[in-house]
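# Structure at a glance
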Amino acid sequence: MLDFEEELKNFKPSKEIDETADTINKRNKTDLVDIMMQMMKEKEE
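Before going into details, it helps to say that this report is about the structure given with it.

Cut-offs and rules
Residues numbered from 1 in each chain as written. Predicted model: local features only at pLDDT ≥ 70, side-chain atom pairs only at ≥ 80, totals over all residues. Heavy atoms only, no water. Helix = DSSP H or I, 4+ residues; strand = E, 2+ residues; numbered from the N terminus. Buried < 20%, exposed > 50% of the residue type's maximum accessible area, 1.4 Å probe, protein only. Areas by Shrake-Rupley, 256 points an atom, 1.4 Å probe, with all protein chains shown as cover. Patch = residues over 30% accessible without salt bridge, like charges linked within 9 Å, V, L, I, M, F, W, Y side chains within 5 Å. Salt bridge = Lys/Arg side-chain N within 4 Å of Asp/Glu carboxyl O. Lys, Arg positive; Asp, Glu negative; His and termini not counted. Charge placed at Lys NZ, Arg CZ, Asp CG, Glu CD.

### Some points on the overall build of the chain
Along the chain, the regular secondary structure elements total 3 helices and 0 strands. Shown N-terminal to C-terminal, the secondary structure of the chain runs as helices and strands in the order α-α-α. On the principal axes, the C-alpha backbone points of the chain span a range of 65 × 20 × 10 Å. A burial count over the chain gives 0% of its 45 residues as buried. Of the roughly 5100 Å² of accessible surface on the chain, 57% is carried by carbon and sulfur atoms.

In structure tokens, the structure reads:
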């Protein structure tokens, strides 16, 4: 049977996963709110 507590102590996250997460988080993400805000700005002008 697995000892989950012991397994968690030995866990080390993959560098590739950390690097990928950093890359994704650094990207400029445009979402629906950003698009709506831009449309409202343009309408006011």
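Now that the structure has been shown, the text picks up again.
### Here's the deal with a nonpolar patch on the surface
On the surface, Leu32, Ile35, Met36 and Met39 cluster together into a nonpolar patch covering about 410 Å² of accessible area. Tracing the backbone shows Ile35 in helix 3 (residues 32–44). On the basis of relative accessible area, Ile35 is assigned to the partly exposed category, the value being 41%.

### Considerations on a negative patch on the surface
A cluster of like negative charges, contributed by Asp3, Glu5, Glu6 and Glu7, occupies part of the molecular surface. Its place among the elements puts Glu5 in helix 1 (residues 4–10).

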